[in-house]
Amino acid sequence: MNLFAIVSFIIIIAAIWTYAYFRSRSVDIATSEGYFLGGRSLKGFTIAGTIIMANLSTEQIVGQNGQSYQAGMQVMAWEVTAAVAVVALALVFLPKYLKYGVDTISDFIEIRYDGTTRRIVSFLFMLTYMISFMPVVLYSGSLVFNKIFSIDKLLGVNQLTAVIVIATFAGIVGMLYLLIGGLSLSAFSDTIYGIGLLVAGLAVPIVGLFLLGKGDLLDGLGTIEARTPKLLNSIGAYDSEMVPWPALFTGMLFNNLFYWCTNQMIVQKTLAGKSLKEGQKGTLYVGMFKVISGLILVFPGIIAFNMFGDSLPIADDAYPKLVNSVLPGAVKGVFGAVFFGAILSSFVAALNATSTLFTIDFYRPLLKSNPSDKKVARAGKIVTIAVGVASIMIAPLISFAPSGLYNVVQQFNGVYSMPLLAVILFGFYSKHVTALAAKITFLFHVVVYPVANLLLDVNYLYILGAMFLLDVLLMWIISSIKPLQYTFVFEKDTNKVDLTPWKYAKAGGAIVILCVIGMYVLFSPLGLAG
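Everything numeric in this text was worked out from a predicted model, so none of it was measured. (Residues numbered from 1 in each chain as written. Predicted model: local features only at pLDDT ≥ 70, side-chain atom pairs only at ≥ 80, totals over all residues. Heavy atoms only, no water.)

Focus: the overall build of the protein
1) Next: Along the backbone of the protein there are 24 helices and zero strands.
2) Next: By principal-axis analysis of the C-alpha atoms, the protein measures approximately 70 × 50 × 50 Å.
3) Next: Residue pairs at least 24 apart in sequence account for 84% of intrachain contacts in the protein once pairs closer than 6 positions are excluded.
4) Next: When the accessible surface of the protein is split by element, carbon and sulfur atoms take 68% of a total near 21,400 Å². (Helix = DSSP H or I, 4+ residues; strand = E, 2+ residues; numbered from the N terminus. Contact = heavy atoms within 4.5 Å. Areas by Shrake-Rupley, 256 points an atom, 1.4 Å probe, with all protein chains shown as cover.)

Brief notes about a nonpolar patch on the surface
1) Next: Taken together, the side chains of Tyr19, Phe45, Ile192, Ile195, Leu198, Val199, Tyr285 and Ile292 present a nonpolar region at the surface, about 660 Å² in accessible area.
2) Next: At the level of elements, helix H10 (159–212) and helix H14 (276–292) are the ones that each hand at least two residues to the nonpolar patch.
3) Next: Per element, the largest residue contribution to the nonpolar patch is four residues, and it comes from H10.
4) Next: Structurally, leucine 198 can be placed in helix H10.
5) Next: A residue is classified by how much of its surface remains accessible, and leucine 198, at 30% relative accessible area, is partly exposed. (Patch = residues over 30% accessible without salt bridge, like charges linked within 9 Å, V, L, I, M, F, W, Y side chains within 5 Å. Salt bridge = Lys/Arg side-chain N within 4 Å of Asp/Glu carboxyl O. Buried < 20%, exposed > 50% of the residue type's maximum accessible area, 1.4 Å probe, protein only.)

Let's talk about the pattern of salt bridges
1) Next: Within the structure shown, the criterion is met by 10 salt bridges.
2) Next: Two residues, arginine 118 and aspartate 107, come together in a salt bridge whose shortest N-O distance is 2.7 Å. With arginine 118 in helix H8 (residues 115–149) and aspartate 107 in helix H7 (residues 105–112), the pair connects residues that are 11 residues apart, well separated along the chain.
3) Next: The class for arginine 118 is buried, based on a relative accessible area of 7%.
4) Next: Note on aspartate 107: relative accessible area 12%, which makes it buried.
5) Next: One salt bridge in this structure joins lysine 439 and aspartate 114, with 2.6 Å as the shortest N-O distance. Placement of the pair is lysine 439 in helix H22 (residues 435–455) and aspartate 114 in the loop between H7 and H8, with a sequence separation of 325 residues.
6) Next: A single salt-bridge network, built from bridges that share partners, covers Glu33, Arg40, Asp103 and Lys496.

Concerning the environment of serine 479
1) Next: Position of serine 479 relative to the elements: it lies in helix H23 (residues 460–481).
2) Next: Between the C-alpha atoms of serine 479 and leucine 436, which are 43 residues apart in sequence, the distance is 8.6 Å.
3) Next: Residue contacts for serine 479: discarding those within four places in its chain leaves His432, Val433, Thr434 and Ala437.

Concerning the side chain of threonine 262
1) Next: Take threonine 262: it is sitting in the loop between helix H12 (251–261) and helix H13 (264–271).
2) Next: You can call threonine 262 buried: its relative accessible area is 0%.
3) Next: Here the side chain of threonine 262 touches phenylalanine 258 through a polar contact of 2.8 Å, landing on its backbone oxygen.
4) Next: Not counting residues within four places of it along the chain, the set of residues in contact with threonine 262 comprises Phe93, Tyr97, Ile105, Phe125, Leu257, Val267, Leu420, Leu421 and Ile424. (Polar contact = N/O pair within 3.5 Å; in protein donor to acceptor, adjacent residues only side chain to side chain.)

Brief notes about the packing of helix H4 (residues 58–71) against H8
1) Next: Where H4 contacts H8, the axes come no closer than 8 Å and their chain directions differ by 65 degrees. In terms of their interaxial angle, H4 and H8 are classed as roughly perpendicular. Note that H4 runs across H8; the crossing there is left-handed. Taking contact as the criterion, the partners of Thr58, Glu59 and Val62 in H4 are, on H8, Ser140, Gly141 and Val144.
2) Next: Partitioned by chemical class, the residues of the contact of H4 with H8 number two nonpolar, three polar and one charged. (Axes fitted to C-alpha atoms, helices over the stretch in contact; angles between N-to-C directions. Parallel < 35°, antiparallel > 145°, perpendicular 65-115°, else oblique. Left-handed = near helix turned anticlockwise from the far one by under 90°. Nonpolar A, V, L, I, M, F, W, Y, C, P; charged D, E, K, R; others polar.)

Details of the packing of aromatic side chains
1) Next: Taken as a whole, this structure holds 31 aromatic pairs when the rule is applied.
2) Next: Taking the centre distance of 6.5 Å and the plane angle of 70 degrees together, the rings of phenylalanine 145 and phenylalanine 340 count as edge-to-face. In this pair, phenylalanine 145 sits in helix H8 while phenylalanine 340 sits in helix H18 (residues 332–366), placing the two residues 195 residues apart along the sequence. Phenylalanine 340 matches phenylalanine 145 in its accessibility class, with the two residues each being buried.
3) Next: The residue whose ring lies beneath arginine 112 is phenylalanine 488, and the NZ or CZ to ring-centre distance is 4.2 Å. (Phe/Tyr/Trp six-rings, centres within 6.5 Å; stacked < 30°, edge-to-face > 60°. Lys NZ or Arg CZ within 6 Å of the ring centre and 35° of its normal.)

Considering the confidence of the model for the protein
1) Next: Model confidence for the protein is summarised by a mean pLDDT of 89, while 97% of its residues fall at 70 or above.
2) Next: Here residues 402–408 is a poorly scored stretch, pLDDT under 50, and it has two contacts once near neighbours within four places are set aside; other chains count. (pLDDT = per-residue confidence, 0-100.)

Section: the side chain of serine 346
1) Next: Along the chain, serine 346 falls in helix H18.
2) Next: The residues touching serine 346, leaving out its near neighbours within four places in the chain, are Met53, Ala54, Leu56, Ser57, Phe133, Val137 and Met265.

Quick word on the nonpolar core
1) Next: Membership of the largest hydrophobic core comes to 175 residues, with the highest contact counts inside it found for Trp260, Phe299 and Phe339.
2) Next: Residue contributions to this core peak at 18 residues, all from H10.
3) Next: For phenylalanine 339, the residues in contact, after removing those within four places along its chain, are Thr58, Ile61, Val62, Val144, Phe145, Ile148, Phe149 and Tyr319. (Core = buried A, V, L, I, M, F, W, Y, C linked by side-chain atoms within 4.5 Å.)

Re H10
1) Next: Over its 54 residues, H10 runs only 32 Å from end to end, short of the ideal 80 Å by more than 12%, given 1.5 Å per residue.
2) Next: Put simply, asparagine 158 is the residue that caps the front of H10, since its side-chain oxygen is 3.4 Å from the backbone nitrogen of leucine 160.
3) Next: Lysine 214 occupies a position one or two residues after H10 and carries a positive phi of about 55 degrees. (Expected span 1.5 Å × (residues − 1).)

Let's talk about the environment of glutamine 70
1) Next: Along the chain, glutamine 70 turns up in helix H4.
2) Next: Looking at glutamine 70, the relative accessible area reads 54%, which means it is exposed.

Examining unusual backbone geometry
The phi angle of most residues is negative, glycine excepted, and most peptide bonds adopt the trans form.
1) Next: For arginine 40, which is not glycine, the phi torsion reads 45 degrees and is therefore positive.
2) Next: You can see arginine 40 is positioned in the loop between helix H2 (32–37) and helix H3 (44–55).
3) Next: For arginine 40, a relative accessible area of 7% translates into the label buried.
4) Next: One non-glycine residue, lysine 214, lies in positive phi territory at about 55 degrees.
5) Next: Structurally, lysine 214 can be placed in the loop between H10 and helix H11 (217–227).
6) Next: Relative accessible area serves as the criterion here: at 81%, lysine 214 is assigned to the exposed category.

Here's what the structure looks like:
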């Protein structure tokens with residue numbers, strides 16, 4: 001990065017923080033609802049921006065483009081099919097969460113089941129965020145940031161030292177975001193970073209196509225079609241190591257439903273909306289973004305293969321090398337700020353979710369006296385500092401872990417994701433399911449899922465799909481043998497915001513689903529891959 005890029009990077013980071021600070025000043029973060037949920041004041045566009053940036057991380061951008069460099073557009077399933085789950089969040093899950101007036105996913109678990117099941121779910125969430133998400137986001141994001149912008153050379157240090165510096169800086173800035181402005185400040189910041197990511201992210205493949213076509217974008221696309229038509233096919237073989245096509249309707253679908261509809265880090269953003277209408281608008285905006293996000297997170301990897309061939313020894317080097325090849329040095333500062341925002345936003349989202357869960361699910365119930373709202377918010381800030389510092393300290397240690405550990409950690413969500421989805425769906429639609437059924441299902445899954453991964457030589461998405469069906473079957477059997485002795489009915493009038501739905505919600509959901517189908521037709525033998 002040259003001097004101009006460094007100065008522009010600093011100015012953009014400072015300007016976005018200043019904008020977000022003044023936009024969020026009206027929210028009282030001395031209260032728990034203000035600190036954890038932005039005072040339930042967010043509108044649709046802001047909700048969309050903060051969800052998108054919470055979801056995206058630098059490792060995801062680089063990793064998926066690295067996978068497409070090897071396997072092509074089949075990798076887009078992780079992005080495009082997520083739009084289906086986002087529609088489910090808008091039309092099914094969010095209306096129910098808001099109707100029952102919950103602040104967290106575990107809130108719903110206690111309302112429908114019991115406090116013990118609630119704390120089991122909350123503990124699993126926190127364990128995942130603290131061990132397999134936040135430190136990995138900081139380390140892998142800093143590693144990628146250094147690879148693209150050569151911070152080690154700029155500072156005259158080795159790579160690990162540069163990664164520690166970047167991770168520490170990102171971690172401290174993230175903690176300050178929450179301590180100074182809570183969720184609302186980070187949400188307004190995420191919105192600007194999201195716009196920047198959309199513009200900068202699309203600029204990379206567009207400029208890449210121009211270079212491939214020697215000044216003509218369509219010629220560049222034609223070059224890819226002629227050279228590597230197979231890479232443009234989004235339909236993976238049934239035995240693909242990346243995304244086998246049958247898994248789209250089983251493990252991938254269920255995994256997406258867990259992540260987008262029952263994951264505290266994501267759902268918390270929608271619960272911060274000022275009404276159901278705004279929450280639905282925000283989530284459906286996210287759905288439209290997910291449909292086109294393959295052009296940012298996947299397609300550049302195919303461009304990289306056409307520009308560099310199979311010369312790259314490490315597939316994850318495809319995106320960094322492409323960025324360095326197509327972007328002029330003058331805009332590196334802008335791109336660096338957007339990339340930094342991706343690290344920051346994912347870290348802050350998980351940090352806020354962790355402090356929310358610990359404070360509300362463990363701190364508040366364990367106190368003998370009923371603590372004041374301000375005392376709960378103050379405890380949340382202390383937890384934010386403690387967890388944030390721990391994540392910063394753990395992040396560099398990932399570099400010393402065995403090479404295969406990262407993938408194992410990334411699959412850790414599978415230990416509890418499927419039973420949680422099953423428990424919530426039964427909680428919505430069964431009046432006689434019991435807390436005992438929920439606990440036994442969690443125990444069954446935690447034992448069987450790792451064993452299945454060790455013994456079965458198949459893509460783990462197949463295992464996730466099968467495990468979800470077994471979890472549902474087990475809950476149904478237990479609830480049939482020993483049902484609830486009374487008909488469960490949710491309390492009425494527990495909502496905290498206006499529940500009037502967005503009048504275009506169903507139409508918007510239908511459009512998103514049609515766009516998903518259209519994207520798959522485009523990247524298939526019927527379209528570009530033909």
